[in-house]
Amino acid sequence: MKDTPLSNCERDFLLKAIEEKKRLDGRQTYDYRKMKITFGTDFGCCFVDLGKTRVMAQVSGELVTPKENRPNEGIMFFNIELSPMASPAFEAGRQSELSVKLNRQLERCLRNSKCLDTESLCVVSGEKVWQIRVDVHMLNHDGNLMDAASIAAITALCHFRRPDVGIQGDDVTVYSPEERDPIPLSIYHMPISVSFSFFQQGTYLLVDPCEREERVMDGLLMIAMNKHREICSIQSSGGIMLLKEQVMRCSKIASVKVSEITELISKALENDKKARKAGGKCGFAESMPQERITALKMDETPVEMTDVTDRANDIVQKAEAPPQTYPLQSLNNSSIYQDHCGDVVEISDSEEEEVVILHPEKADKAPT
């Protein structure tokens, strides 16, 4: 099933709004959508809401044999899944061009930037190392999947705890969380992707494009950067030619956005750490019995109830009097009744006959 294409009217409307520096959701040119970061019950499970775009990242680890050319380093593997649940444009069981593109960009952003200390994942040189797998699932697609995926992936890596390992001779023992506390990964820095969309051959620029804005854009520039203003990766797509000044301008904007997002991630991790230390219940599974997920919630609107009686009395006093009514007199079988408006009505007490309304000009012809 393919997604519904945009009509020419919608396309012209979007481009005209961008020319006037207006966006569909009321944001400014350089504004991100509202971002929310939550965690699952297990370590390494992270949900990121970027507007209506929703992404889940799950980190897992297992002991494997290292690569021959890197016997002292662990392995980091990424997998992005685009399910039809996120958008009707995605097909199940088939790796699309978009998923391959996002997977490569995520690898450049996180693995090639050396954000994770892979040597700390080594258990026995040349024999056993940890393989860290990051699965990113798109739950809802409303544009800018790359930014949401990079935020979810790096947050899940910071949140993940691997089991502790003991070595006695040639035996490797993996301890459960009850026996020994799990160990966090060694994260050097947090690279985050920031996307810029260009319109009308680079004349107009938007940050964090939504799904409809992505359909009418001419080109896309993605800059992965950390809070130290170090560019981890940069990629342009769409066949648009960008000037040096435009790229430098985007890098300055990205440095500001990355600092804000990094601070938000740090606060989310700190709040989750405090909640787990206090013994509070958290995560998706713990929310189900409390009906936080399935219950429909609406924002409550405050209503002023102090002067309800006085206002009701004023409305009653100012209201017009109801029209005067006249009761029908009891009539035998068939008779004529003329109301105060001058309309002549023939009334019959027979259930089989219909009531006939006579017009005033025909009242003279009516039987008396």
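- Per an unreviewed UniProt entry, the protein chain carries the name Exosome complex component RRP45 and comes from Sander lucioperca.

Examining the pattern of salt bridges
(1) Moving on: Counting across every chain of the model gives 15 salt bridges.
(2) Moving on: Measuring nitrogen to oxygen at the nearest pair gives 3.5 Å for the salt bridge that ties R33 to D142. Highlighted residues: R33 in the loop between α1 (8–19) and β1 (35–39) and D142 in the loop between β6 (128–140) and α3 (145–159), separated in sequence by 109 residues.
(3) Moving on: Residues R70 and E73 are paired through a salt bridge, measuring 3.3 Å at the closest nitrogen-oxygen approach.
(4) Moving on: Judged by relative accessible area, which is 41%, R70 ranks as partly exposed.
(5) Moving on: The class for E73 is buried, based on a relative accessible area of 18%.
(6) Moving on: Connected via shared salt-bridge partners are D25, R27, R33, D142 and D208.

Description of the pairing of β1
(1) Moving on: Of the two faces of β1, only one is covered, namely that formed by M35, I37 and F39; the face formed by K36 and T38 stays uncovered.
(2) Moving on: With five bridges connecting them, β1 and strand β2 (residues 45–50) associate as antiparallel partners. Looking at β2, one finds that M35 is bridged to L50.
(3) Moving on: The turn linking β1 back onto β2 is made up of five residues, and G44 within it adopts a positive phi angle of 95°.

Examining the packing of α3 against helix α5 (residues 244–277)
(1) Moving on: At their nearest, the axes of α3 and α5 sit 11 Å apart, and the two run at 40° to each other. Every pair of crossing elements has a handedness; the one defined by α3 and α5 is right-handed. Seen from α3, the contacting residues are I151, I154, T155, C158 and H159; seen from α5, they are I261, I265, L269, D272 and R276.
(2) Moving on: Along the lines of polarity and charge, the residues of the contact of α3 with α5 split into six nonpolar, two polar and two charged.

Thoughts on the sheet that holds strand β13 (residues 219–225)
Remark on secondary structure: sheet strands pair via backbone hydrogen bonds, oriented parallel or antiparallel.
(1) Moving on: What the four strands build is an open sheet, ordered β12-β11-β13-β14; its pairing is antiparallel. The open sheet terminates on both sides in strands that have one partner only, identified here as β12 (204–207) and β14 (231–237). Neighbour-to-neighbour, the strand axes of this sheet turn through a mean angle of 20°, independent of strand direction.
(2) Moving on: Taken together, the six bridges between β13 and β14 define a ladder with antiparallel strand orientation. Pairing of L220 across the sheet is with S237, part of β14.
(3) Moving on: Sheet strands in contact with α3 are β11 (192–199) and β13, and its direction is about 175° off that of β11.
(4) Moving on: Along the sheet face, α5 touches β11, β12, β13 and β14 and points at about 140° away from the line of β11.

A look at the pairing of β2
Along a regular strand, successive side chains alternate from one face of the sheet to the other.
(1) Moving on: Most of β2 sits inside the fold, with six of its six residues counted as buried.
(2) Moving on: Neither face of β2 is open: one carries C45, F47 and D49, the other C46, V48 and L50, and all of them are buried.
(3) Moving on: From the end of β2 to the start of strand β3 (residues 53–64), which pair antiparallel, there are two residues, and G51 there has a positive phi angle of about 65°.

A short note on α1
(1) Moving on: When the terminal C-alpha atoms of α1 are compared, their 16 Å separation across 12 residues agrees well with the 16 Å that a helix rising 1.5 Å per residue should span.
(2) Moving on: Buried within α1 we find L14, A17 and I18. One side of α1 holds all its buried residues, which, seen down the axis, span an arc of 100°. α1 presents N8 and C9 as exposed residues on the side facing more than 90 degrees away from its buried surface.
(3) Moving on: On the buried face of α1, the contacting elements are β11, β12 and α4 (211–216).
(4) Moving on: Just beyond α1, the residue with positive phi is K21, at close to 60°.

Scoring rules and cut-offs
Residues numbered from 1 in each chain as written. Predicted model: local features only at pLDDT ≥ 70, side-chain atom pairs only at ≥ 80, totals over all residues. Heavy atoms only, no water. Salt bridge = Lys/Arg side-chain N within 4 Å of Asp/Glu carboxyl O. Helix = DSSP H or I, 4+ residues; strand = E, 2+ residues; numbered from the N terminus. Buried < 20%, exposed > 50% of the residue type's maximum accessible area, 1.4 Å probe, protein only. Pairing = 2+ DSSP bridges. Axes fitted to C-alpha atoms, helices over the stretch in contact; angles between N-to-C directions. Left-handed = near helix turned anticlockwise from the far one by under 90°. Contact = heavy atoms within 4.5 Å. Nonpolar A, V, L, I, M, F, W, Y, C, P; charged D, E, K, R; others polar. Expected span 1.5 Å × (residues − 1). Arc of directions from axis to C-beta.

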